[in-house]
Amino acid sequence: MARVRVKGPQDLGAAIVFIVIGIAGLVFGQDLAFGSSAKMGPGYFPTILSGLILALGTGLLIYSFIVDGPPIETVQVRPIALIVISILVFGYLLELLGLVVTAFLMTLVAAHARRKVNLRENIYLGIGLSVFSVLIFVRGLSQPLPVWWWAQ
Amino acid sequence: MDINIIHNLATGFSAALSLQNLWFALVGCMLGTLIGVLPGIGPIPTIAMLLPVTFGLDPLSSLIMLAGIYYGAQYGGSTTSILVNMPGEASSIVTTLDGHPMAKQGRAGAALSVAALGSFFAGCVGTIFIAAFGPVLAGLAQEFNSPDYFSLMVLGLVMAVVLAHGSVVKAIGMVLIGLLLGLVGTDVNSGVTRYTFGISEIWDGIDFLPLVIGLFGIVEVIRNLEQHDEHRVPISTKIRDLWPSKKDFQQSWPAVLRGTALGSVLGILPGGGAVLASFASYTMEKKIAKDPSRFGKGAIEGVAGPESANNAAAQTSFIPLLTLGLPSNAIMAIMMGAMIIHGIQPGSAVMTKHPELFWGMVASMWIGNAMLVIINLPMVGIWVKLLAVPYRLLYPAILLFCVIGVYSTNNSSAQLALTAAFTVFGYILIRFECEPAPLVLGFVLGPIMEENLRRALVFSRGDPMIFIQRPISATLLVLTIALIILAVIPQIRRTRDVAFQE
């Protein structure tokens, strides 16, 4: 038996994404009424779309074993992990601590997405950005953001 | 008819020339130039980020500002391409090929001014294009019914997929996933919630901003962080003679004309827009040149053509959105989102119901282009200085502005969690070479497409033949099929790939 080998890793990856989304669309959409063509239910269009995505993903899966493609670039964990954490830091601390402190903390977390971190420089940057964001967004553009933790 | 256009333009100018609107045009152009100059942040996240800020403005002012950011970025992107060999914008990548060699030869001033003046000319022509063709297309759109709209969107999405670079199959997948994501939330027809998993924040559907900021803005930051630090050394030669020599002028004006014509046409096509136009124009200039070997070594046509083309396309890509309600690229999808937020349904009705809005925008584009020449030419030194700001200081600021923008839409932490989720999703897509732009088009069109499909099928009592029986719909579907056939013919695909590799 000939060995089956992945030839297009990027295509395989995309195929898996499509298949997962297609199946999720069908499974989580199965309770939605399909209706009929003349009287489309809430499940009609989503089911068709999910089916198409699944079919496309399956096609791409087969393709990835036949046609050569470029390899997947290495994933660097540090940038994506710290950037995502910094977004969540902002999202969950803003209402507790206010913009001044949160912007400062977020800058410090985000700065660690790079390898060489100059802490002193980032403290200055954090202070600068926190003042700047209050001036621009709260004073200048009057966005309803809490400035300090005692604001609410 | 002609008198009408003049009358309409007069209405537009009187609206656009108000002090407030001039101010927002200036702010938009300045911001656009800024992001055009700075690598690592493009017009898509910037416009998305500023959306919440414009909620409080009147619709015309906010659209003027957002549009200014878009075409401002086309101007600004050329500056760094020429002086530093670093395109700030995807649509300025080809400008580095000949613009930077020109700068090395001490002709930076000529390259900059040809780019700016070519862009200005193209912008003016693009504006006239909108004024002339807008009403014609809008008139045509009045004849459209649900089946026709559905077929139009199919054609638009297929065209966007075919003209986008990369794999066609993956792009179709992205469109379909976008359509599906667009359906998340409460179904307007039945009141049933779909795919919300009990999360109350997405009962009204997934918000536009977390999706766009996550997929474009933050993923872009992460990609930049994964690359090594680049040294950005501006060309040290003084930008003395901004005015091009007579020879430069003679060589560049035909290229400007060709670039403008090509860009205007490619801008209207869905999936076209500024990036495709600049690449196509460069390829064309190289093909028709008497001595193609000059290209890559400082041929002024290689700057004049693409720079004119990208700006013309940036203008005319507004046509399908303002007349048919069809966004032709991701940026137009965001503009569509902005219009809907302001309670304006994009489409042929914009021109009849809100003439001051349509013509005000057209007029503001001309004003904005004039402003941009001034912002870019005499002030070029200031913009280049900005490049001295290292990326390690820049990206935390970009991130912070992105999250503040997302939070401001409805002051909820859940939006930030959603942004984080789309960041991870976008990162996965990029690793598998899936472009997220078609997804955004699908996302915006999802609910509209479903509604038109439903109406069409209710009308025909479930008979899908209605899409072939109506002449407009049938024509659009025939075009769609023709396009698909063209796309799968390898010959065509090869030339398409070549155009993007140049």
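Residues numbered from 1 in each chain as written. Chains lettered and ligands numbered in written order. Predicted model: local features only at pLDDT ≥ 70, side-chain atom pairs only at ≥ 80, totals over all residues. Heavy atoms only, no water.

Colleague: Explain the overall build of chain A to me, please; I cannot follow it from the model alone.
Modeller: Looking only at helices and strands, one finds five helices and zero strands in chain A. The N-to-C order of helical and strand elements in chain A reads α-α-α-α-α. Relative to a compact globule of 152 residues, whose C-alpha radius of gyration would be 15 Å, chain A shows 24 Å and is clearly more extended. Overall, the C-alpha framework of chain A stretches about 60 × 50 × 20 Å when taken along its three principal axes. Residues counted as buried form 43% of the 152 residues belonging to chain A. Positive and negative side-chain charges in chain A, numbering 10 and 6 respectively, have mean positions lying 9 Å apart. (Helix = DSSP H or I, 4+ residues; strand = E, 2+ residues; numbered from the N terminus. Rg over C-alpha atoms; globule rule 2.2 N^0.38 Å. Buried < 20%, exposed > 50% of the residue type's maximum accessible area, 1.4 Å probe, protein only. Lys, Arg positive; Asp, Glu negative; His and termini not counted. Charge placed at Lys NZ, Arg CZ, Asp CG, Glu CD.)

Colleague: In this structure, what is going on with the interface of chain B and chain A? I would like to understand it.
Modeller: Interface size is commonly expressed as the accessible area that is lost once the parts come together. Across the boundary between the two partners, chain B contributes 64 residues, which contact 63 residues of chain A. Among the residues of chain B in contact with chain A, Tyr-195, Tyr-407 and Arg-431 of chain B are the three that bury the most area, contributing 11% of the side total. The tally of links between chain B and chain A comes to two salt bridges. A salt bridge links Lys-170 of chain B to Asp-11 of chain A; the nearest nitrogen and oxygen atoms lie 3.0 Å apart. For the side of chain B that touches chain A, the secondary-structure elements that each account for two or more residues are α3 (43-54), α8 (168-183), β2 (193-194), α9 (208-226), α18 (391-410), α19 (413-431) and α20 (437-459) of chain B. (Contact = heavy atoms within 4.5 Å. Buried area = accessible area lost by both parts, 1.4 Å probe. Salt bridge = Lys/Arg side-chain N within 4 Å of Asp/Glu carboxyl O.)

Colleague: So what exactly am I meant to see when it comes to the nonpolar core here?
Modeller: Note on soluble globular proteins: their nonpolar side chains tend to be buried together. The biggest cluster of nonpolar side chains holds 192 residues, and the ones touching the most others in it are Ile-83 and Phe-90 of chain A together with Phe-318 and Tyr-395 of chain B. Looking at this core, the element that brings in the most residues is helix α4 (residues 59-84) of chain B, giving 14 residues. Those residues within four positions of Phe-318 of chain B in sequence are excluded, and the remaining contacts are Ala-67, Tyr-70, Ile-130, Met-332, Met-335, Met-361 and Met-365 of chain B. In terms of nonpolar packing, the next biggest core, distinct from the first, is built from six residues, Val-94, Tyr-282, Ala-289 and Ala-299 of chain B among them. (Core = buried A, V, L, I, M, F, W, Y, C linked by side-chain atoms within 4.5 Å.)

Colleague: Looking at this model, I keep getting lost on the environment of Leu-372 of chain B. Mind explaining?
Modeller: All names here are of chain B. Its location among the elements puts Leu-372 in helix α16 (residues 355-376). A relative accessible area of 0% places Leu-372 in the buried class. Residues Leu-372 and Leu-26, 346 residues apart in the sequence, show an inter-C-alpha distance of 8.5 Å. If we ignore the near neighbours within four places in the chain, the residues touching Leu-372 are Cys-29, Thr-33, Tyr-71, Gly-72 and Tyr-75.

Colleague: I keep staring at the pattern of salt bridges and nothing clicks. Help me out?
Modeller: Proximity of charged atoms lets side chains of opposite charge pair with each other. All names here are of chain B. For the structure on display, the rule yields 13 salt bridges over all chains. Arg-107 serves as the salt-bridge partner of Asp-248, at 3.3 Å between the closest nitrogen and oxygen. One end of the pair, Asp-248, is in helix α10 (residues 246-268); the other, Arg-107, is in the loop between α5 (93-104) and α6 (108-141), and 141 residues separate them in sequence. Among the charged side chains, a salt-bridge network with shared partners connects Asp-187, Arg-194, Glu-450, Glu-451, Arg-454 and Arg-455.

Colleague: Even after reading the chapter, I still don't get the domain arrangement of chain A, so can you show me in this structure?
Modeller: Split by domain assignment, chain A resolves into domain 1 (9-66) and domain 2 (77-140). Once you take the C-alpha centre of each, domain 1 of chain A and domain 2 of chain A turn out to be 39 Å apart. (Domains from an automatic or database assignment.)

Colleague: Please clarify how unusual backbone geometry should be interpreted in this entry.
Modeller: All names here are of chain B. Of note in this structure, Glu-433 is not a glycine but carries a positive phi near 60°. The class for Glu-433 is partly exposed, based on a relative accessible area of 44%. Although it is not a glycine, Arg-461 adopts a positive phi angle of roughly 55°. Within the fold, Arg-461 resides in the loop between α20 and α21 (466-469).

Colleague: It is not clear to me how α8 of chain B should be interpreted in this structure. Could you clarify?
Modeller: The periodicity of an α-helix, 3.6 residues per turn, causes residues three or four places apart in sequence to face the same way. Residues and elements named next belong to chain B. Across its 16 residues, α8 extends 23 Å between first and last C-alpha, which sits within 8% of the 22 Å expected from 1.5 Å per residue. For α8, the tally of buried residues reaches 14 of 16 residues, placing the bulk of the element in the interior. The opening residue of α8 is Ser-167, an N-cap whose side-chain oxygen sits 3.3 Å from the backbone nitrogen of Val-169. Backbone geometry just downstream of α8 places Gly-185 in the positive-phi region, at approximately 115°. (Expected span 1.5 Å × (residues − 1). Polar contact = N/O pair within 3.5 Å; in protein donor to acceptor, adjacent residues only side chain to side chain.)

Colleague: What's the story with the side chain of Arg-431 of chain B in this structure? I'm lost.
Modeller: Looking at the element boundaries, Arg-431 of chain B is found in helix α19. The residues contacting Arg-431 of chain B, other than those within four sequence positions of it, are Gln-10, Ile-72, Glu-73, Thr-74 and Val-75 of chain A together with Glu-226 of chain B.

Colleague: Please explain the confidence of the model for chain B as it appears in this structure.
Modeller: Parts of the model with low pLDDT should not have their predicted coordinates read in detail. Confidence along chain B averages 84 in pLDDT terms, with 93% of residues attaining 70 or more. When mean pLDDT is taken per element in chain B, α19 of chain B scores highest with 93 and helix α23 (residues 490-501) of chain B scores lowest with 58. (pLDDT = per-residue confidence, 0-100.)

Colleague: Mind showing me how you'd approach helix α2 (residues 19-37) of chain B here?
Modeller: Under the 1.5 Å per step criterion, the end-to-end length of α2 of chain B is 27 Å for 19 residues, consistent within 8% with the ideal 27 Å. By the burial criterion, the buried members of α2 of chain B are Asn-21, Phe-24, Ala-25, Gly-28, Cys-29, Gly-32, Thr-33, Ile-35, Gly-36 and Val-37 of chain B.

Colleague: Help me understand the confidence of the model for chain A in this model?
Modeller: Scored by pLDDT, chain A comes out at a mean of 88, with 97% of its residues at no less than 70. For chain A, per-element mean pLDDT is lowest for helix α5 (residues 119-140) of chain A, which scores 88, and highest for helix α1 (residues 9-28) of chain A, which scores 94.

Colleague: Got a minute to help me understand the packing of α3 of chain B against α9 of chain B in this structure?
Modeller: Each pair of packed helices can be summarised by the angle the axes make with each other and by the distance between the axes. All names here are of chain B. Between α3 and α9, the shortest axis-to-axis distance is 9 Å and the interhelical angle comes to 150°. As the angle between them shows, α3 and α9 are arranged roughly antiparallel. Along this stretch, α3 crosses α9, giving a crossing that reads as left-handed. Side by side, α3 and α9 meet where Ile-44, Pro-45, Ala-48, Met-49, Leu-51 and Pro-52 of the first sit next to Phe-208, Leu-209, Val-212, Ile-213, Phe-216 and Gly-217 of the second. Each residue belonging to the contact of α3 with α9 can be placed in one class, and the counts come to 11 nonpolar, one polar and no charged. (Axes fitted to C-alpha atoms, helices over the stretch in contact; angles between N-to-C directions. Parallel < 35°, antiparallel > 145°, perpendicular 65-115°, else oblique. Left-handed = near helix turned anticlockwise from the far one by under 90°. Nonpolar A, V, L, I, M, F, W, Y, C, P; charged D, E, K, R; others polar.)

Colleague: Sorry if this is basic, but what is going on with the packing of aromatic side chains here?
Modeller: In this description, a pair of aromatic rings is defined by centroid distance and the angle of the planes. Under the counting rule described, the total for this entry stands at 16 aromatic pairs over all chains. Between Phe-150 of chain B and Phe-467 of chain B, the aromatic rings sit 5.2 Å apart at their centres with planes inclined by 45°, giving tilted as the arrangement. Of the two residues, Phe-150 of chain B is situated in helix α7 (residues 146-163) and Phe-467 of chain B in helix α21; the sequence distance between them amounts to 317 residues. Taking relative accessible area as the criterion, Phe-467 of chain B reaches 10% and is therefore assigned buried. Between Tyr-282 of chain B and Phe-295 of chain B the ring centres are 5.7 Å apart and the planes differ by 85°, which places this aromatic pair in the edge-to-face class. Separated by 13 residues along the polypeptide, Tyr-282 of chain B in helix α11 (residues 274-288) and Phe-295 of chain B in the loop between α11 and α12 (301-316) bring together distant segments of the chain. The pair formed by Tyr-282 of chain B and Phe-295 of chain B is uniform in burial state, with each residue classed as buried. Taken together, the ring pairs connect Phe-132 and Phe-137 of chain A together with Phe-401 of chain B into an aromatic cluster. (Phe/Tyr/Trp six-rings, centres within 6.5 Å; stacked < 30°, edge-to-face > 60°.)

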